[in-house]
Every structure is written in C-alpha cells, then in structure tokens.
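Observations on the model geometry
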Amino acid sequence: MKQNIILSFLCITGAFTTIFLSSCETGETSTNQAMVIPYPAELTLSKDSLSLSSVSLSLAPQFEDLKPLFEEIFEGLPTDLPGSAPIQVTRDTALAAEAYHLLVTSKGIEIRSAHQRGAIYALQTLRQLRETQNSRDKIPCLTIKDQPRFSYRGMHLDVGRHFFPVSFVKQYIDLLSMYRFNTFHWHLTEDQGWRIEIKKYPKLQSTAAYRKETVIGHNNTTPRQFDGKPYGGYYTQEEIKEVVKYAMARGITIIPEIELPGHAQAAIAAYPELGCTGKAAEVATYWGVFDEVYCPSEKTFTFLQDVLDEVMALFPSPYIHIGGDECPKTRWKESKFCQDLIKKVNLKDEHELQSYFIQRIEKYLNSKGRYIIGWDEILEGGLAPNATVMSWRGVEGGIAAARQKHDVIMTPTDYCYFDYYQSRHANEPLAIGGFLPLSKVYGYEPVPEGLEEEAHRYILGTQGNVWTEYMDTPEKVLYMVLPRMQALAEVAWSDPKVKNYDHFLQRLNTHFEWWKRMGLPFADKTADLNISIHSGSGNGVLVAVKTNGSTLPIQCVLGGKTFTYDKPIVIQKSDTLLASVQRGGMSAGKRDTLVFRMHQAAGKKINLGHMPAKKYSADGPGSLINGVSGANTNYTEEWIGFEGKNLEAEIDLGAITYVDEVSMRFYHSPEQWIYLPGQVSLYFSQDGKNYNEMPAFTVRPTQSKVLDFLIPTAKTKTRYIRLVANNAGLIPAGQPGEGNPAWLFVDEIFVN
Ligand code: ACM
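Throughout what follows, the structure given in this document is the object of discussion. (Residues numbered from 1 in each chain as written. Predicted model: local features only at pLDDT ≥ 70, side-chain atom pairs only at ≥ 80, totals over all residues. Heavy atoms only, no water.)

Moving on, we come to the overall build of the protein chain. Regarding its fold elements, the protein chain presents 18 helices and 34 strands. Taking 752 residues into account, the globule formula puts the C-alpha radius of gyration at 27 Å, and the protein chain, at 30 Å, falls close to it. Viewed in the frame of its principal axes, the protein chain has a C-alpha envelope of about 90 × 80 × 50 Å. The buried share of the protein chain, reckoned over its 752 residues, is 57%. The contacts in the protein chain between residues at least 6 apart in sequence include a share of 71% that link residues at least 24 apart. Summing over all exposed atoms, the protein chain offers an accessible surface of approximately 30,600 Å²; the carbon and sulfur share of this is 51%. Across the protein chain, the 76 positively charged side chains and the 85 negatively charged ones have centroids separated by 2 Å. (Helix = DSSP H or I, 4+ residues; strand = E, 2+ residues; numbered from the N terminus. Rg over C-alpha atoms; globule rule 2.2 N^0.38 Å. Buried < 20%, exposed > 50% of the residue type's maximum accessible area, 1.4 Å probe, protein only. Contact = heavy atoms within 4.5 Å. Areas by Shrake-Rupley, 256 points an atom, 1.4 Å probe, with all protein chains shown as cover. Lys, Arg positive; Asp, Glu negative; His and termini not counted. Charge placed at Lys NZ, Arg CZ, Asp CG, Glu CD.)

The subject of this paragraph is the sheet that holds strand β23 (residues 569-571). Strand pairing in a sheet relies on backbone hydrogen bonds. The paired strands run either parallel or antiparallel. Pairing is antiparallel in the open sheet, where three strands are placed in the order β19-β20-β23. Each having just a single partner strand, β19 (529-534) and β23 make up the two edges of the open sheet. Each neighbouring strand pair of the sheet contributes to a mean axis angle of 25 degrees, computed without reference to strand direction. (Pairing = 2+ DSSP bridges. Axes fitted to C-alpha atoms, helices over the stretch in contact; angles between N-to-C directions.)

Another aspect to go through is the packing of aromatic side chains. Taken as a whole and assessed by the stated rule, the structure comprises 39 aromatic pairs. Each ring, one from W375 and one from W467, has its centre 5.6 Å from the other, and the planes form 50 degrees; the classification is tilted. In this pair, W375 is assigned in strand β15 (residues 371-375) and W467 in the loop between β18 (459-464) and α16 (474-481), connecting sequence segments 92 residues apart. For the pair formed by W375 and W467, the shared burial category is buried. Taken together, F163, F164, F168, Y172, F184, W186, Y235 and F315 form an aromatic cluster joined through their ring pairs. A cation sits over an aromatic face here: R250 above Y246, 3.6 Å from the ring centre. When the ring centre of F750 is taken as origin, the NZ or CZ atom of R597, which lies over that ring, is 4.0 Å away. (Phe/Tyr/Trp six-rings, centres within 6.5 Å; stacked < 30°, edge-to-face > 60°. Lys NZ or Arg CZ within 6 Å of the ring centre and 35° of its normal.)

Pairing is parallel around the closed barrel formed by eight strands, whose spatial order is β7-β8-β13-β14-β15-β16-β17-β18. Ignoring which end each strand starts from, the neighbouring axes of this sheet average 30 degrees apart. Judged from the five bridges that link them, strand β8 (residues 183-187) and strand β13 (residues 253-260) form a sheet pairing that is parallel. Paired with F184 across the two strands is I254, which belongs to β13. Relative to the sheet, helix α13 (residues 396-403) contacts β16 (388-391), β17 (408-410) and β18, its axis offset from that of β16 by approximately 160 degrees. Contacting β7 (152-158) and β18, helix α17 (residues 484-493) runs over the sheet at an angle of about 175 degrees to β18.

With respect to the helices and strands, V89 occurs in strand β3 (residues 85-91). Judged by its relative accessible area of 3%, V89 is buried. A sequence separation of 193 residues divides V89 from E282, and the C-alpha atoms of the two residues are 54 Å apart. Contacts of V89, omitting those with residues within four sequence positions, involve L57, S58, L59, A60, F63, I111 and A119.

A separate point is the packing of helix α5 (residues 166-178) against helix α7 (residues 237-248). One can describe the packing of α5 onto α7 by two numbers: an axis separation of 10 Å at closest approach and a directional angle of 15 degrees. In this view, α5 runs roughly parallel relative to α7, as classed from their interaxial angle. By crossing handedness, the relation of α5 to α7 is classed as right-handed. For the pair formed by α5 and α7, the contact residues are V166, V169, K170, I173 and D174 on the first element and E239, E242, V243, Y246 and A247 on the second. Looking at side-chain class alone, the contact of α5 with α7 contains six nonpolar, no polar and four charged residues. (Parallel < 35°, antiparallel > 145°, perpendicular 65-115°, else oblique. Left-handed = near helix turned anticlockwise from the far one by under 90°. Nonpolar A, V, L, I, M, F, W, Y, C, P; charged D, E, K, R; others polar.)

Structural data, given as structure tokens:
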C-alpha cells in the first residue's frame, strides 16, 4: 500500500505532493488523506486530525437555512457539549460565486463563502472527509481553497421511458449535491410517458402518463415482444414543489425539460388535435424516434404556452429545456397546413419550420423572463436568438453555437452518455449499446478542440445524460451512473492541473466503501479484469491479465493451483483459468473464467487475407486459435467480425501432422445484420506451395445463434491449412439492414 502511494506520488503534479508527503511522513495511510471528489483547486493537508466526538455550529444569518443539511451530515454526533468542536460558517463576499474556503484544525472548523452554494460545497466536502476515513469520528486537518472550473455542472435523468419515485429523485439530487454538481436536468415528457401534472389538461394524467405495455429486451430484437403490462405514473404538482425545495436546499437548480416539437407522442395520444393528422396515436410502447410530432398550429402553441405557464410556476430555474431533438419532418411534409404555413411565413423548408416553432416558444418564455436550452438540432434552420445549445451528437453543434456567440453545454454521446455500456464484459446487464468506460469519462475535455480561444467562454460546462430505456429501477440507474458521474464531477469542477486518474481511483475506492455502507449499487469496473490472450505467432498461448485501474492483487487458479498473478501465464494444455481481483479475501470485480480447449492449431501461426473490422478484432487474428471459444449469447470478446468480407485464414501447424477434423464456429443473428457464410472451403498443404482442395461445404441455415461447423478430414497429413468462409453478401430485402453488407462473425478454429 505504502509503496503504491510513493510510486504514484512520483508521477503526479505538485498540487498533490503535499498530501502524499505528509501521509508518508506521519506513516498514516488511512486516516490522514483527503479523499475528496471532485478534487479541490488547492488543498494542503497537515498531519494532525480533528476529533469529532461532539460539534457545535455557528451559522452566519445568511446561511441559517443550512442547519438541516448540517444535521444530516453530522448525524449521530452529539452537539453543543462542553468542549465541542466548533464549526463556524461565515459570509465572505470577497469570494467568487460558488467558491468556498474550508479550514480544519485540531481545534475546530471554519467555513467561508459568499453565497449559500459555497457553504453547501464546504459542508459536502466535510461529509466526504468524514465518510471516507477509517473512523468517522476523526477528520484530517487541512486547508481547502476551492472553486469550480465550469459554472454549469449537470446530471440529467429521463423519467419518461421509466418512471422513478420522488424518493429516488431526492436520492439522485443528494448525490449531485455531494459531488458538487449544481444542476439537475429533469427530462419530464417523452413518447412513452408524460410525467408532470398539468392541471389544465387532465388527459395528460389519465392518458399520456400511461402506456399499455413495454417492449422486452433490446428494442432492436425482431420481432419485438411485449410484456403486456400497463406502465406509467406522473409527479403531482405538490410532489414537484417538494422536490424543487429539496434540491434548492442542496444547492441544486432543477431545469425541467418539456420536449417539443418531437418526442411528443404521449401528449398527442391524449390530445390528437395537437398532431398533424388529428388521428389518435397510442403512448409509445417501445423505444426510438416517432413520426407523431406536434403540428405548429395555434392550438398547439396555446397548449404549450398553458403547459409552460404551469411549469414556470413550479420551477424557479431561469432556464427551461424545450428539447428540440429528433423531430422527424414526415408529418409536416404530408400536412397541407404545414406546407401552407411554410409559404405564408416565408420559410424555406421544414427545418426552418422547426426553427419557427422553437423561436415562437423562445419568445414566449423570454417574455416571462426565462431562457431556453435545446438539444443541438435547434441549430438547424437557424438558432433562436437567446438559446443555449446542448451539444449531444458530438462537439460540432457546440462549436457552431459558440462561434455564433451562444452559450453551450457539452454532453457529447462519446463521453457523457451514461446509458452506454461501461464494460465489455459479456455478462454486463443490458444497455442501449456504445461503450463508455470510466477512464474515458475522466479524460473528457469539455472545451472542444478547434474552438477559437475567444469563444471558450461560451462553453458553460458539461452534463451526464441518463436515458432510461434500459434502466427500469433506481438500482439500475445507480449502477449506470456510479461512479461515472464522479468522473464527470471532476471534469466539470476541477482544474485540469490537479486532475490525475490514478489518484482519482484511489479516492474513489474509499467512496466505494462509503457507498457500500449506504447500500448504494455501483459499478466497480476498476476491479474488473482485462484479459488478453496472445496467440497466432507460433509461440504458444500466453494470457496477460490487467485490472481496469485497481491496484488490488489479482488471484488466479489454474490446474488446481492458486497463485497471485505477476506475469503472463503460458497455457499448454486444456484447463480452466479463474481470475479475480481480491479485496479482503473476496472477489471485488467480476470473476473471469476462461476455459481453454487446446488443439493442434492453438498457439500456432495464423495469417488472415482480410483484416477484421477494427472494433470486432478481439486480440487479433490469433484469437481464432487460442483455445477459447466466444460466448454463445453475444459476439463480443473472442469473436472476430468481417463487414462484407470473407474469412480467409492460413494456419501453419509448424510441422506435418495428421488432421482428423477441422471445425469452427459462426455467429448467426440476422436482426443484428450477422449472417452465416454461404460456403466454406478448406485446403491442405504439406509445403505451403501446393494445396489440395477438400470439397466445398455448404452451410445450412440454423435457428440457433451459434453454428458449430465441422469438417471431417479423415486423418490427412498436412502442415498448412487454408480456410475460406464466404460472406453472405448484401442483406436481402425485407430484413433489418437490407441492402447493406452482411457481417460474418467467426470464432475458434479447432484443428484436431
Ligand atoms: C438525445 O439523446 N436524443 C438528446
């Protein structure tokens, strides 16, 4: 443990030096460390600590409202006993808006800030200091002078796809406050459900808040299957007021999102006159982008203004998010009303009609003293004059808006979509797709490359988005956001000069322990293993195991022997390797089990005529002859995928050998554009020059996902094996992905 600390101290910036030197000097590794996330701008640790057996609070009159938060943070501690540690919170108007100073000495605690938010952050930092020590009764003495890098630090939650109770929304807000976010973006309306009570429109409650059933499994599965169970719910205005107040007391502004003109099918199901056809739609029962969007009619504008009036009465936020994303123009193109309107108000096309729609809403909200935020599609057809843009489809929207001197919040999918997978592990719970590991979130830089220096000031900050198609319980949401939101908290708050991923992981480990005490589900991917199997060079099969950042030991079991991993393992015979990261005698991350079925080609040389697609190339061509078979249920990890190309493999067994059979595995999943090969040809050669062709084998269709394809070769002598599996070609009409090149996925080629 100590060695690790010294090693990491050598490679990190000066800002941390003090911390590690003092912890090393005092010999204390567990108590005197400041495991704060996000890391403060300036932190100086001293070797003393403050005993917290009893505390007494003295609050400046401006901060009186913080008493309940204080009591929550120091819950369980007696107060105001003789000799209590004094905690003094003073107002210091010289400090910046969200800044705070925190001084902990062996005599007591002083907090200074100009505004309530700064004082809240200081209290939350104290909470972290207390909860991440071995003993909650002692905190390290230190000085913190802190302020955020970005003024907008947000987390989003989609309650339309799945509905979450008020108790969970409050828990989510608690987490935001603990990690010094300042904004909760509450995505309240969707095609699959309208979740906010609007008194003037009761059918939003009785109809739009409920769907008749929900798709099972992944939306892309064909044919879709449904659970047959009605689903829904909404927040009453009383509940919303309670949540807004709760958030305010924790320094969190709530920005409500009322989606328009798209993602409006639930509202149109309740009030068909809001759509372009006037026909009834149903509240959507599966995921995606739907054609039923608001018609830009006066009826719709009256409805939306009425809705927004009630929304503004509930939410004091200066910003209202109006969506603006993913609005198909199908109905507008078909509608005489829309086409006439385009002519009447002199617009070029439906994109300008969308801009007209957004600008009317903006004008209305501006007239009430509020500002709009919209997803980056609001750039199309011309940006509304005072709009803030949320850049999600990449960074280009953010760059374009900032160049037009509009404020921008960066939420690009590649770094900020916490509905993406956080691990490539085969048994990861179902997610929408994508891959966004913790390290990638941590490495995110919100100011986009290529944006001119003078436009940087328009980048207000960043936000993590949590779309809940595949998160149907609070536990699943927590699993998906913890700890990626902590990584983003540090991106949004901390000066890049004090950021360091290894140090972040060390701090995070102490938060994991705290979360466990709180009973919070989280994804400790740092303790997951990355296993790579090196094969295909003729030098055998070699297994290298790495953690995903954790410095905890890796335990392996092979051939009945248990050992701590210290170097790559050579696999020589069929066996099972178990590997796991150990924390306190237990597996911390997921255990990995690799079953090796060795055969004559395992670890020998292989060359491919075409290289596989980069993202489906496993550990390279050698993965085809490493003794390990890919999963039967998905084509990640061991499988190798070719887009529109054949498999052409040449294997050198190293010496002339008798071969009795050659077999291989193909993945079969037409709904995912993956097809079996049409035929497989096999050639044998003893000298690498003259090849004998075995008869070509036709591959018969199968119902199962994986086809084991075996070619008997009746004890034939060979050294070289050439194998060609023909790609199925273009995807036939009527099938998902029709007209696109088919994928061919292949795995272990066994030679026996
Ligand atoms: C979005 O993800 N459709 C903003």
